[in-house]
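Per-entry structural report
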4 protein chains.
Amino acid sequence: MSNIFGNILKLSIFGESHSEAIGVVLDGLPSGLRLDFDEIQKEMARRAPGRDRFSTPRKEADIPRIVSGFFEGRTTGTPLCALIENTNTRSKDYSRGPLRPSHADFTAEMRYHGFQDYRGGGHFSGRITAPLVFAGAVLKPYLQAQGIEIFAHIKSIGTKSEAAFNSAHPDLAAYRKLKEQPLAVLEESSLQTFSDEMDAARKAQDSIGGVIECMVYGVPAGLGSPFFDSVESRLSAMLFSVPAVKGVEFGAGFSIATMRGSEANDPFYFEGDAIHTKTNNTGGINGGITNGMPVCFSVAIRPTPSIAQAQSTVNLITGKEETLAIHGRHDPCIVPRAVSVIEAVAAFVTADLMLEAKTYAE
Amino acid sequence: MSNIFGNILKLSIFGESHSEAIGVVLDGLPSGLRLDFDEIQKEMARRAPGRDRFSTPRKEADIPRIVSGFFEGRTTGTPLCALIENTNTRSKDYSRGPLRPSHADFTAEMRYHGFQDYRGGGHFSGRITAPLVFAGAVLKPYLQAQGIEIFAHIKSIGTKSEAAFNSAHPDLAAYRKLKEQPLAVLEESSLQTFSDEMDAARKAQDSIGGVIECMVYGVPAGLGSPFFDSVESRLSAMLFSVPAVKGVEFGAGFSIATMRGSEANDPFYFEGDAIHTKTNNTGGINGGITNGMPVCFSVAIRPTPSIAQAQSTVNLITGKEETLAIHGRHDPCIVPRAVSVIEAVAAFVTADLMLEAKTYAE
Amino acid sequence: MSNIFGNILKLSIFGESHSEAIGVVLDGLPSGLRLDFDEIQKEMARRAPGRDRFSTPRKEADIPRIVSGFFEGRTTGTPLCALIENTNTRSKDYSRGPLRPSHADFTAEMRYHGFQDYRGGGHFSGRITAPLVFAGAVLKPYLQAQGIEIFAHIKSIGTKSEAAFNSAHPDLAAYRKLKEQPLAVLEESSLQTFSDEMDAARKAQDSIGGVIECMVYGVPAGLGSPFFDSVESRLSAMLFSVPAVKGVEFGAGFSIATMRGSEANDPFYFEGDAIHTKTNNTGGINGGITNGMPVCFSVAIRPTPSIAQAQSTVNLITGKEETLAIHGRHDPCIVPRAVSVIEAVAAFVTADLMLEAKTYAE
Amino acid sequence: MSNIFGNILKLSIFGESHSEAIGVVLDGLPSGLRLDFDEIQKEMARRAPGRDRFSTPRKEADIPRIVSGFFEGRTTGTPLCALIENTNTRSKDYSRGPLRPSHADFTAEMRYHGFQDYRGGGHFSGRITAPLVFAGAVLKPYLQAQGIEIFAHIKSIGTKSEAAFNSAHPDLAAYRKLKEQPLAVLEESSLQTFSDEMDAARKAQDSIGGVIECMVYGVPAGLGSPFFDSVESRLSAMLFSVPAVKGVEFGAGFSIATMRGSEANDPFYFEGDAIHTKTNNTGGINGGITNGMPVCFSVAIRPTPSIAQAQSTVNLITGKEETLAIHGRHDPCIVPRAVSVIEAVAAFVTADLMLEAKTYAE
């Protein structure tokens, strides 16, 4: 029902792939935050298409225009609205008849009774995540000033994978370089391996999925709540709102289900005065609340459903079954572009939790 | 921050393991729903301990007492509050000093500044899921009257697993028998295999995890919304609020990330007049909205952190590291008891979506 | 739709006049608050019937039983649930047929499709405000520790009225005595005048209304927000949820509409280092945000619709018009008992604002 | 904290008087609603300045540009965002030093720690109500198609007043003409009387307040809920978010507090098959729920605090007391322009209630 998310911070997104603009309203921001537009633009560029040969050749400026809540270089504390105009839109690529398999064509038709803007995926377009990236770019410096950093890397493309983050003893120096690379990978060899996987999919007129792992480093212990406002609940709710995400796991995730307790448990110890855990199979969260270790999670990204191969489907207008080949500008793999989106989600939820934590104490 | 969940239906839970009572308030229920107390009691019994040899020997009545919102056998439409008194509580088993690894002892201390009720896990106790099961029992007949059924089975215990649901062509007759069995499994042999795994863990003074798969059958196309109110977002938010859940995936889930699009996509076809998909790798959800196929998801349940084996940890009171062996009444595996909790979550979110869907159309 | 209120603090009430119990869940409370049960009981007694000759002769214990969220004399920070059992309930006094004029009999029938618990007003009963008074009693000491006090007096009964609070230069010593008096009045003579008005109404088999004025003293400047979370919006939303409230005004209220700006404006001046206003026609709120002056508002309480005089009405069951005389135990005036309810609302909203204000700053 | 309002429909506003744009996001709109841009423009013009000699001479186009959620002439059901660019803004009129009495200058400083956009009142500007009027214009035809009409008139200016709506037996023909008149008044003589009052205030370099009465006609019985989602709670919360509103009353409002029950009660009778009340002192609402009679309420609008007369105040920058005369473009009375804002609030809340009511029944 709602395109609004958050407890103290509230993020509201709007727009369709081919509407006049897409955008975001950020409500509940502290006043006085400085915005660094170069940094914002860099973050936007990480998600934008056309950055590398794996992304669609559409050139989109994706320059957010802030229309409210910003004055003399700082947030005012009132709702900050940013718009991204939709400029390079070729409506002719899109028709309404055939239901693209695993796209939202059919569900949109049922949900909106045929009134949805179907051009380019409409409100279901991955493009609507650009406002999320903007929000993340606004919030990352706020977090960083409190010692919190957010890292993400591509853990796998198809069946090829690389090492996970070391979430018990993170290698911060290495992780800080992730953003600068053509692909956000921890192992140099992954650059080639993952590229090859994506190239192979493209050549086969196909697409391919992957897994992104994310770490929130420096988060204090005591954030979140048991049950419905658990850190996992809040992160997962927002992560699953990102198109193409089909799985979310924290810490050891699904593999913890194969373990015994003696293996899965993370023993506490003192590191100086601080309480740490020797392993971090719970992903930094116990009982829904952060324990001071890095919050770690992975998301499964499905292969984009737009493929040039012929697929069988039905046509809502003709009422017949037919064969469909989807042409146009489509990434063979959206995982590289999704990295900054996942980071943005982590930034938003963490900032919301940090603000909320001020209300816990008497 | 909040122990309240839902959009139209709102569920609020309260209570600690050793407080006077635990309970639930259900707000937004349609008026006129009949409650079947035998059915409610059966559902409560599925989660209650002492049902089989894998659960803790504590005998708890777990009989909910409805104190409001119920009149002459039906819901009134005003908030329905149900209480479960805490009777058989032996406070002596619990002390505050040592931090049980991967329990919420430490995070509760940080979150609540030392004022939490630490007895028996307090508000973090798995016992607090009993009110969820009650809510599920209230809502399942409401869903069933609309043709919606909810099934769940144990897909794996430790490294042993059984077949998944066939979510493209479900075998309803088989699934309807799941509730009647000592363990909710699809393959007869799993009864032995899974029991052996749990026995082995117990004998080793250890615990073990597992995966539960759940299917919501009969859900109409068009429920949910893109982004923050996606069906995945809402289900996952509530699923991750269940203690011990560390992963949630929809349809093919994490394995879809290894696929190519041509394999992952679910082709549409006509089954009579209805639009179906040949496969169901998306778990019945496209763009956050149901497509009319069964909604299917799996959750990873960690091994319970309470084990009798010696573990190293720190003691908050002495400020020293120490070795801890957790004695008392603890399941070696909570997966069997969690089945009805997962079903309850599915029932709640589905009922909330069904009510909400009435507001979509003009 | 919802019986839940609040932003950081969330208050959820449930119960019907003749259900097994009524109660409240307070979520978002800071951990570590001490509860003073003598004080709570005193507050409950202020609202309870049978305190003086103007209230109904029903004796209700109204002793809240806390079943969760409370441990070793303090709040735990998890949801605090308190129950008040319904004991002295004589169901025979109530029948469903005739619609009592200006009661909720008809609207409940339409809203809940005939499934409402109609005994004694059901969920519409003034008795459901007892949980609000409990919440107020929990929060008042929390506010007091921060220098915030809440006062309320009966400004008028029928056409008789007394002086208003001096909200620019409050006489705290006098206001602190209000609670100790048989009627919360500022002028000694009002005790007789107001009593006479209520007696006269009772003798005429009639009822009578009045106005309560409330002041929140000591509230810091800067609480609240423009627009939908204005202090006025939040207070009024909760005030209008109290049965019988038909008007809410802040500061000079409706009379400010008759003024010129030069008269209505509150000029600023320095009182030492602090910024005060010479008058307080805005009731301590500018642009939805507190200005540091006392927050002042008045609420209009209608005469209770239950009167023994014959009234014409319709009977839903017979489908005919008929004459109705309402017998049984009814106050001729609920204003005296409503005083503590209004104070409780002020306490809840103020505490919620104080907690929220911690999130405003970077 | 929040600039978002509503249960099923969610309205989010943003913008400052002198930011690049102001705007609104409407979420939860049914899909398929047609928008009539001529009608929208007419409604916008009713609130816009420069319409008559009582409003400020600023010419603002106030033409909303819809950037999302709208396709082929109809709402899509996804968030509809509309922007109004700020064009004619003369920043020089505004300085930050002296605190304008009864304006939000001081409270904004405290709330936003000096980072607020202070130009022209910033986010506190009455101009931010233009998006509300847009929302009202979108929703009025939706309501009208369901037989619901919204009327409002100026009940008083200063000490001069005219007759109230007849809410038991409304004169629809007369009320439908209100919009077409230069001032929305029921009595022809009020045109002169009210104009004289406003002229006199202007000549005295002063301002003046007034009261607006609003009626929602045709609303079915059974909308709303007891307690926190009472119709009064929801309407008042949004009404008090409109700058300058200092009082809200329903039906007889504050005067009902002077009545006896026998006078205040609204007797039921049959009008054909329908149940009506002979009087409508409760304003069409019993127990928080509509009874099918017109919903009637009044709001007190304070005199605008911007007056040219000298006022004493303090200067935040110099830290000294000083005398201030506010020059520039200011209405002597904002009541005429507020009429369409109040109507818009009524339209929004009623539409939200109508959608929500679909979820009440099984």
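The paragraphs below set out a description of the structure included in this document. Quick caveat: nothing in here was measured; it's all calculated off a predicted structure.

Helix and strand counts for chain A stand at eight helices and 18 strands. Compactness check: chain A gives a C-alpha radius of gyration of 21 Å against a globular reference of 21 Å for 362 residues, within 12% of the reference. Taking the principal axes of its C-alpha atoms as reference, chain A extends roughly 70 × 50 × 35 Å. Charge-centre separation for chain A: the mean point of 35 positive side chains lies 5 Å from the mean point of 41 negative side chains.

Before going further, it helps to examine helix α1 (residues 37–47) of chain C. Residues and elements named next belong to chain C. Within the sequence span of α1, burial applies to Ile40, Glu43, Met44, Arg46 and Arg47. Projected down its long axis, α1 shows its buried positions confined to an angular sector of 155°, all on one face. In α1, the exposed residues that point more than 90 degrees away from the buried face are Asp38 and Lys42.

This brings us to the relation of the copies chain B and chain D. In screw terms, the move from chain B to chain D is a rotation of 180° and a rise of 0.0 Å along the axis, fitting with an RMSD of 0.0 Å. Such a turn and shift between the copies fits a two-fold axis. No C-alpha of chain B lies nearer the rotation axis than that of lysine 358 of chain B, which sits 3.0 Å from it. Most of the interface of chain B is mirrored in chain D: 100% of its interface residues are interface residues there too.

Let's shift gears to the packing of aromatic side chains. Taken as a whole and judged by the stated rule, the model has 46 aromatic pairs over all chains. Considering the side-chain rings of phenylalanine 228 of chain A and phenylalanine 5 of chain B, the 5.4 Å spacing of their centres and the 45° angle between planes classify their relative orientation as tilted. Taken together, the residues span two chains, with phenylalanine 228 of chain A in the loop between β10 (210–217) and α6 (231–239) and phenylalanine 5 of chain B in strand β1 (residues 4–5). For the pair formed by phenylalanine 228 of chain A and phenylalanine 5 of chain B, the shared burial category is buried. Residues tyrosine 118 of chain B and phenylalanine 71 of chain C carry aromatic rings whose centres are separated by 5.4 Å and whose planes lie at 85° to one another, so their mutual orientation is edge-to-face. Highlighted residues: tyrosine 118 of chain B in the loop between α2 (105–112) and α3 (130–144) and phenylalanine 71 of chain C in strand β5 (residues 70–71), drawn from two different chains. Three or more aromatic residues joined by ring pairs make a cluster, and in this case those are Phe5 and Phe348 of chain A together with Phe227 and Phe228 of chain B. The cationic tip of arginine 111 of chain C hangs over the ring face of tyrosine 360 of chain D; the distance from NZ or CZ to the ring centre is 3.4 Å.

The next point concerns the interface of chain C and chain D. Counting residues at the interface gives 108 residues for chain C and 108 residues for chain D. Our enumeration of links across chain C and chain D arrives at two salt bridges. The salt bridge involving lysine 246 of chain C is made with glutamate 232 of chain D; its shortest N-O contact spans 3.0 Å. At the junction of chain C with chain D, the criterion picks out 42 residue pairs in polar contact (both at pLDDT 80 or more).

Our focus in this paragraph is the sheet that holds strand β3 (residues 21–27) of chain D. Residue and element names in this part refer to chain D. Pairing is antiparallel across the open sheet formed by five strands, whose spatial order is β1-β2-β3-β7-β4. Each of the sheet's edge strands pairs with one partner strand only, and the pair in question is β1 (4–5) and β4 (65–68). Sheet topology note: the β3/strand β7 (residues 80–85) ladder contains six bridges and is antiparallel. Across the sheet, residue alanine 21 finds its bridge partner in β7, namely glutamate 85. In the packing of helix α3 (residues 130–144) onto the sheet, contacts are made with β2 (10–14), β3, β4 and β7, and the angle to β3 comes to roughly 35°.

With a phi angle near 55°, glutamine 205 of chain C is a residue other than glycine that sits in the positive phi range. Although it is not a glycine, serine 102 of chain D adopts a positive phi angle of roughly 65°. Here serine 102 of chain D falls in the buried class, since its relative accessible area comes to 9%.

With an RMSD of 0.0 Å, the operation that places chain C on chain D is a rotation of 180° combined with a shift of 0.0 Å along the axis. Taken as a fraction of all interface residues of chain C, those also at the interface in chain D reach 100%, which identifies the copy contact as same-surface.

Quick look at the pattern of salt bridges now. Enumeration over the complete set of coordinates arrives at 72 salt bridges over all chains. Notably, a salt bridge pairs arginine 100 of chain D with aspartate 105 of chain D, separated by 2.7 Å at the nearest N-O pair. Judged by its relative accessible area of 18%, aspartate 105 of chain D is buried. Here the residues in one salt-bridge network are Glu43, Arg46, Lys140, Lys179 and Glu343 of chain A, joined through shared partners.

With that out of the way, let us pick up the pairing of strand β2 (residues 10–14) of chain A. Within a regular strand, the side chains alternate between the two sheet faces. Residues and elements named next belong to chain A. Burial within β2 is extensive, with five of its five residues counted as buried. Bridge analysis of strand β1 (residues 4–5) against β2 gives two bridges, and the strand direction is antiparallel. Note on β2: the bridge partner recorded for isoleucine 4 is serine 12. If you look at the hairpin formed by β1 and β2, you'll find four residues sitting between the two strands, and glycine 6 has a positive phi there, around 120°.

Definitions and cut-offs
Position numbers for residues count from 1 along each chain, tracking the sequence in the order it is written. Chain A is the first chain written and ligand 1 is the first ligand written, with later ones labelled in order. Local features in this predicted model are restricted to residues of pLDDT 70 or higher, and side-chain atom pairs are both shown and tallied only at a pLDDT of 80 or more, whereas totals for entire chains, interfaces and linings draw on every residue. Side-chain numbers come from the whole structure's heavy atoms, not from hydrogens or water. Put simply, DSSP H or I for four residues or longer makes a helix, DSSP E for two residues or longer makes a strand, and each gets a number counted from the N terminus. For a compact globule the rule gives 2.2 Å times the number of residues to the power 0.38, and the radius of gyration it is set against comes from C-alpha atoms. Positive charge is attributed to Lys and Arg, negative charge to Asp and Glu, and no charge count is given to His or to the chain ends. For the purpose of locating charges, the reference atoms are NZ of Lys, CZ of Arg, CG of Asp and CD of Glu. Relative accessibility under 20% of the residue-type maximum defines a buried residue, over 50% an exposed one, and the middle range a partly exposed one, all with a 1.4 Å probe and only protein chains included. Think of it as the arc spanned by the lines of direction from the helix axis to the C-beta atoms. Least-squares fitting of one copy onto the other uses the C-alpha atoms of those residues that reach a pLDDT of at least 70 in both copies. Only heavy atoms enter the contact rule, under which two residues are in contact if any of them lie within 4.5 Å. Aromatic pairing here means that ring centres of Phe, Tyr or Trp (its six-membered ring) are within 6.5 Å. Orientation follows from the plane angle: under 30 degrees is stacked, over 60 is edge-to-face, and everything else is tilted. Either the NZ atom of lysine or the CZ atom of arginine qualifies as a charge over a ring when it sits within 6 Å of the ring centre and within 35 degrees of the ring normal. Every case where a carboxyl oxygen of Asp or Glu lies within 4 Å of a side-chain nitrogen of Lys or Arg is listed as a salt bridge. Here a polar contact means two N or O atoms within 3.5 Å. Within protein one must be a hydrogen donor candidate and the other an acceptor candidate, and residues neighboring in sequence count only if both atoms are side-chain atoms. By definition, two strands form a pair when at least two bridges between them are found by DSSP. Angles here are taken between N-to-C directions and fall from 0 to 180 degrees, while the axes themselves are lines fitted to C-alpha atoms, restricted in helices to the stretch in contact.

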